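# Summary of the model geometry
Read off the chains here:
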Amino acid sequence: DVKPLDKRYEDSFTIGAAVEPNQLEGTDAKVLKRHYNSLVAENVMKPINIHPEEGKYNFKEADKIVKFARKNNMDLRFHNLVWHSQVPDWFFMDKEGKPMVNEKDPKKREQNKRLLLKRLDEHIRTIVLRYRNDVDSWDVVNEVIDENAPNGQGLRESPWYKITGTDYIATAFRSTKRYAGKHSKLYINDYNTEVEPKRTYLYNLVKDLMKKGVPIDGVGHQSHIQLGWPTLQQIEDSINSFADLGLDNQITELDVSLYGWPPKPAYKTYDEIPAEVFQRQAERYDALFKLYEKLGDKISNVTFWGIADNHTWLNDRAEQYNNGVGVDAPFVFDPDYNVKPAYWAIIDK
Ligand code: G3I
């Protein structure tokens, strides 16, 4: 008897899935309705898709996800308002059409900074006013930490940073809060949030934002993880450290890859994956969800970065690093939507 995942965890957190609009019908939709009570867009709400040209918004695909969530009484996460990737270039061009990052004149640099922050506020205003009654959690900024950045503080040297310093982060949170009002929560989202020195860079940034009165409610831990990495202790310590600051935590993009990084060598077909590997994955899921449950009210949502093993960015990655042939299998449903050992591990306790 395959019981709903979301019911199993309803006392602790909501269970989400990342989706493309074409996954809102057929078997995908059935599985979504049965097992998940939260949704996030895998791609269509990102800046390049929703705001491709200045002042021109494309809400069509995003609206489909919003409607599905509303109709099926599901929570909604918004991913994402600000990112260095999948963001259109027009944000960073000055009035003459020159890239702002190249500007040397201090006066013009100041003007550019103001223009970019104004564009950011406008971007956020338009999106948030449209969706504020539907969205529960906003990924306000995504992946602003880069432990390899040359500035020594782990701040990613994206165009946002090069043009505004860290002001874009504060502006993004303040604008989101101003337009969204009280009933939704604001998150800073990133990957490898468990691993030093990135964890400390993120912690210091968040603490600093809070000190300045920037409205931030929680940390989104993407959790693109592996069978043995990071350790449970690292995951627990990271969540506890942010909870100690008074913040919520969400697991925002969970997948458990069968591989290390890069994913090489990979199994060529799904059928080649040994049962023993699925068993190890089940043990990993078991330990993970026991930990999430133990952390209780420190985690409000756990979202998988997909539904079933037939659609995952990790398949693209496995192919990319293995001459076009390779599969991964990160979820608890197989490519035909049958439950895997990992499903039984997190439902049967
Ligand atoms: O839609 C176009 C299609 O028209 C075109 O033919 C095709 C050719 O490459 O590309 C399609 O766009 C792709 C898009 O996914 C939709 O499938 C992009 O190339 C591809 O780069 C994009 O990848 C997404 C990636 O973010 C972009 O960086 C993945 O699906 C998505 O899973 C991934 O998600 C990110 C999170 O947002 C942030 N955290 C990491 C996570 C995994 O990378």
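Worth saying up front: this structure is predicted, and the values here are computed from it rather than measured. (Residues numbered from 1 in each chain as written. Predicted model: local features only at pLDDT ≥ 70, side-chain atom pairs only at ≥ 80, totals over all residues.)

Turning our attention to the environment of Phe331. If you trace the backbone, Phe331 turns up in the loop between helix H11 (313–320) and helix H12 (341–347). C-alpha of Phe331 to C-alpha of Asp190: the two residues are 141 residues apart in sequence and 20 Å apart in space. (Helix = DSSP H or I, 4+ residues; strand = E, 2+ residues; numbered from the N terminus.)

Looking now at the site of the ligand. Around the ligand sit Glu42, Asn43, Ser85, Gln86, Tyr191, Gln222, Glu253 and Trp313, and that is every residue in its neighbourhood. Broken down by class, the residue content of the shell around the ligand amounts to two nonpolar, four polar and two charged. (Near = placed C-beta within 6 Å. Nonpolar A, V, L, I, M, F, W, Y, C, P; charged D, E, K, R; others polar.)

What follows is about the UniProt feature "active site" (unreviewed entry) in the protein chain. Feature annotation in UniProt places "active site" (unreviewed entry) on Glu253, given in this structure's numbering. Within the fold, Glu253 resides in strand E8 (residues 248–257). The class of Glu253 is buried, set by 25 C-beta atoms lying within 10 Å. Apart from the residues within four sequence positions on either side, Glu253 is in contact with Ala18, Gln222, Ser223, His224, Thr303 and Trp305. (UniProt positions renumbered as here; feature names shortened; annotations may be inferred. Buried ≥ 20, exposed ≤ 12 C-beta atoms within 10 Å, placed from the backbone. Contact = placed C-beta atoms within 7 Å.)

Time to look at helix H8 (residues 198–211). Here H8 is 14 residues long and its end C-alpha atoms lie 20 Å apart, about the 20 Å a rise of 1.5 Å per residue gives. Buried residues of H8: Arg199, Tyr201, Leu202, Leu205 and Val206, and no others. For H8, the buried positions fall inside an angular range of 165° around the axis, keeping them on one side. Check the buried side of H8 and you find it contacts strand E5 (185–190), strand E6 (218–221) and helix H9 (232–244). Just past H8, the residue Gly213 takes up positive phi, approximately 80°. (Expected span 1.5 Å × (residues − 1). Arc of directions from axis to C-beta.)

Attention shifts here to the pairing of E8. The element E8 is extensively covered by neighbouring structure, given that ten of its ten residues are classed as buried. Examined bridge by bridge, E6 and E8 share four bridges and lie parallel to one another. Residue pairing in the sheet places His221 in a bridge with Ile251 of E8. For the segment spanning strand E7 (residues 224–226), H9 and E8, crossover handedness is right-handed. In the sheet, E8 pairs with strand E9 (residues 299–304) via four bridges, with the strands oriented parallel. Bridge pairing in E9 links Gln250 to Asn301. Crossover connection from E8 via helix H10 (residues 275–295) to parallel E9: handedness right-handed. (Pairing = 2+ DSSP bridges. Right-handed = clockwise from strand over helix to strand, strands pointing away.)

Under the 1.5 Å per step criterion, the end-to-end length of H10 is 30 Å for 21 residues, consistent within 8% with the ideal 30 Å. Along H10, the residues classified as buried are Gln281, Tyr285, Leu288, Phe289 and Tyr292. Buried residues along H10 cover an arc of 95° about the axis, so they all sit on one side. Along H10, exposed side chains directed more than 90 degrees from the buried face belong to Ala275, Glu276 and Lys294. Elements in contact with the buried residues of H10: E8, E9 and H12. At the exit of H10 stands Gly296, carrying a positive phi of roughly 50°.

In this section: the nonpolar core. Leu39, Val140 and Ala172 are the most contacted members of the largest nonpolar core, which has 83 residues in total. Residues contacting Val140, with those up to four places away along its chain left out, are Leu81, Val82, Ala172, Phe173, Thr176, Leu186, Tyr187 and Ile188. One finds Leu258, Tyr259, Ala318 and Ala329 within the second-largest nonpolar core, a separate group that totals eight residues. (Core = buried A, V, L, I, M, F, W, Y, C linked by C-beta atoms within 7 Å.)

Packing of helix H5 (residues 106–131) against helix H7 (residues 167–180) leaves a shortest axis separation of 9 Å and a crossing angle of 30°. The angle between H5 and H7 falls in the class roughly parallel. At the point where H5 passes H7, the crossing takes the right-handed sense. Here H5 contributes Leu117, Leu120, Asp121, Ile124, Arg125, Val128 and Leu129 to the contact with H7, which in turn contributes Asp167, Tyr168, Thr171, Ala172, Ser175, Thr176, Tyr179 and Ala180. Partitioned by chemical class, the residues of the contact of H5 with H7 number nine nonpolar, three polar and three charged. (Axes fitted to C-alpha atoms, helices over the stretch in contact; angles between N-to-C directions. Parallel < 35°, antiparallel > 145°, perpendicular 65-115°, else oblique. Left-handed = near helix turned anticlockwise from the far one by under 90°.)

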